[in-house]
Amino acid sequence: MIIDLISDTVTKPTGKMLEAMMHAKVGDDVFKSDPTVNKLQEKAAKMFGMEDALFFPSGTMANQTAIKLHTQPGDKLICDKYAHVYNYEGGGAAFNSGVTCKLIDGQRGMFTAAQLEEAVAGRADIHVPYLRLVCIENTTNKGGGACWDFSELEKIQKIAKENSLAFHLDGARLFNALVAKNESAEQYGHLFDTISICLSKGLGAPIGSILLGSKEHIAKALRIRKLLGGAMRQVGFLAAAGIYALDNHINRLEEDHQKAKEIGAVLSVASYVTKLEEIETNIVIFYVDEKIGADNFIKKMKENNILLTPMGAGRIRIVTHLDYSNEMHEVLLKALQNFKSKN
Ligand SMILES: *Cc1c(COP(=O)(O)O)cnc(C)c1O
């Protein structure tokens, strides 16, 4: 038994999801005639109370499209220093849109309205790149699955609006935040100009993301997706997995969060753990004693068929997900406890 906790993207479609995929009605989506893709897009737009939605092969392409539709070359976007759009999209903001990123030094991937206010000052000065877009990430990936305080987001949106800045949410794991904080998709749909969500993370679909926005924004997104090579044909087979995921895999995220908290409880009393970040959703980030070393700890765990990721600077990440069973959970908790007794 391999216990793969590297990411919530490692899941395979469930039997029922596969069945939904196999029976999907499909057509050529480039001509907008794939009924299953249309159904998924309508369903997502309705969930968020937004006008329109567009299916993408990846979250990266959905974010990159959002950045491109809100900016012109030479412009600047603002995000946290941990943001996926800055750190993990291959420099796409610069490559695809010709924009620079101004980074805010936030906490666990989250900044405050006061920090944004400070960063926005002097925007009219012709020497500085024109600030056009604010990007938020919820939950934060590099920040360990942390959830934003919604009232802070409302304050941030107000500042964005006052300064005519577009407001984009990288919601790759937004559903984890909605479940953890008992929030609704509509309240986010109301606040942001564009939102990307991943179907291929905690929701367990094999592929797919969605970009949500106004009709005008999504019309632009359709052209940009084409130019990025993301216009697909009989893709309803994949959209069917997305529909199944939205119908069946949202509420169960609570189980992933519960397991992450139980892992945290073991780590919090383990002698070899020097620091454990607060666990809000399905991501656990911790540091082990320098004498053991993160890479060595990961290697030892791998010998027990437990796969974890290094996150740099001595950080180790565990991500719980749909394919992480109760049985695996028992084995992992024991392995973490036993590691303690050996050291
Ligand atoms: C995974 C992820 C994405 C998109 O990733 P893809 O692998 O391209 O689907 C975007 N933002 C965050 C925060 C993510 O964790």
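Note that the structure is predicted; figures quoted are calculated from it, not measured.

All right, on to unusual backbone geometry then. For the peptide bond that leads from Asn138 to Thr139, omega is -5°, which places it in the cis range. Structurally, Thr139 is set in the loop between strand E5 (131–137) and helix H7 (150–162). The residue Lys32 is not glycine, and still its phi comes out positive at about 60°. For Lys32, the position within the fold is in the loop between helix H1 (15–22) and helix H2 (35–48).

Turning our attention to the sheet that holds strand E13 (residues 315–319). Spatially, E9-E10-E13-E12 is the arrangement adopted by the 4 strands of the open sheet, whose pairing is antiparallel. Edge strands, defined here as strands with exactly one partner in the open sheet, are strand E9 (273–276) and strand E12 (309–312). The average angle at which neighbouring strand axes cross in this sheet is 35°, direction not considered. Here E9 runs beside strand E10 (residues 283–288); their pairing, made up of 3 bridges, is antiparallel. Looking at E10, one finds that Val273 is bridged to Val288.

Once that is clear, we can look at the domain arrangement of the protein. Split into domains, the protein comes out as domain 1 (15–248) and domain 2 (252–338). For domain 1 versus domain 2, the distance between C-alpha centres works out to 28 Å. Contacts between domain 1 and domain 2 engage 21 residues on the former and 15 residues on the latter. Together, the buried faces of domain 1 and domain 2 total about 1,400 Å²; carbon and sulfur atoms form 48% of this surface. By the criterion of area lost to domain 2, the three top residues of domain 1 are Arg108, Asn176 and Val179, representing 32% of everything that side buries. Between the two partners, domain 1 and domain 2, sit 3 salt bridges. For Glu277, the salt bridge goes to Arg108, with nearest N and O atoms at 3.8 Å. The interface formed by domain 1 and domain 2 includes 7 residue pairs in polar contact (both at pLDDT 80 or more). In terms of residue count, helix H8 (residues 174–181) provides more of the side of domain 1 that touches domain 2 than any other element does, 5 residues in total. Here the side of domain 1 that touches domain 2 is composed, by residue class, of 8 nonpolar, 10 polar and 3 charged.

You can see Cys101 is positioned in strand E4 (residues 100–104). When the C-alpha positions of Cys101 and Leu77 are compared, they lie 5.0 Å apart, and in sequence the two are 24 residues distant. Once you skip the residues sitting within four places of it in the chain, Cys101 turns out to touch Leu77, Cys79, Tyr86 and Ala93.

If you check the shell around the ligand, you find 13 residues, and the closest are Gly59, Thr60, Asn141, Asp170 and Lys201. Contact between the ligand and Gly59: an oxygen atom at 2.8 Å from a main-chain N or O atom of the residue. Notes on the ligand: free accessible area 390 Å², of which the protein chains cover 83%. Residue contributions to the shell around the ligand peak at 3 residues, all from helix H3 (residues 59–70). Tallied by class, residues from the shell around the ligand come to 2 nonpolar, 6 polar and 5 charged.

Where H2 contacts helix H11 (residues 236–248), the axes come no closer than 8 Å and their chain directions differ by 30°. In this structure, the crossing between H2 and H11 has a hand that is left-handed. Residues Thr36, Val37, Lys39, Leu40, Lys43 and Met47 of H2 touch H11, and the partners they reach there are Gly236, Ala239, Ala240, Gly242, Ile243, Leu246 and Asp247. Classifying every residue of the contact of H2 with H11 by side-chain character gives 7 nonpolar, 3 polar and 3 charged.

Moving on: the sheet that holds strand E6 (residues 166–171). Reading across the sheet, the 7 strands line up as E2-E8-E7-E6-E5-E3-E4 and stay open at both edges, with mixed pairing between neighbours. Whereas interior strands pair on both sides, the edge strands pair on one side only; in this sheet they are strand E2 (52–56) and E4. Between one strand and the next, the sheet's axes are offset by a mean angle of 20°, whatever the strand orientation. Pairing geometry for strand E3 (residues 76–80) and E5, over 3 bridges, is parallel. Bridge pairing links Lys76 to Leu131 in E5. Of the strands in this sheet, E3, E4 and E5 are in contact with helix H6 (residues 113–120), which crosses E4 at around 135°. Lying on the sheet, helix H10 (residues 215–227) is in contact with E2, strand E7 (194–198) and strand E8 (209–213); it crosses E2 at an angle near 20°.

Cut-offs and rules
- Residues numbered from 1 in each chain as written.
- Predicted model: local features only at pLDDT ≥ 70, side-chain atom pairs only at ≥ 80, totals over all residues.
- Heavy atoms only, no water.
- Helix = DSSP H or I, 4+ residues; strand = E, 2+ residues; numbered from the N terminus.
- Pairing = 2+ DSSP bridges.
- Axes fitted to C-alpha atoms, helices over the stretch in contact; angles between N-to-C directions.
- Domains from an automatic or database assignment.
- Contact = heavy atoms within 4.5 Å.
- Buried area = accessible area lost by both parts, 1.4 Å probe.
- Salt bridge = Lys/Arg side-chain N within 4 Å of Asp/Glu carboxyl O.
- Polar contact = N/O pair within 3.5 Å; in protein donor to acceptor, adjacent residues only side chain to side chain.
- Nonpolar A, V, L, I, M, F, W, Y, C, P; charged D, E, K, R; others polar.
- Near = heavy atom within 4 Å.
- Areas by Shrake-Rupley, 256 points an atom, 1.4 Å probe, with all protein chains shown as cover.
- Left-handed = near helix turned anticlockwise from the far one by under 90°.

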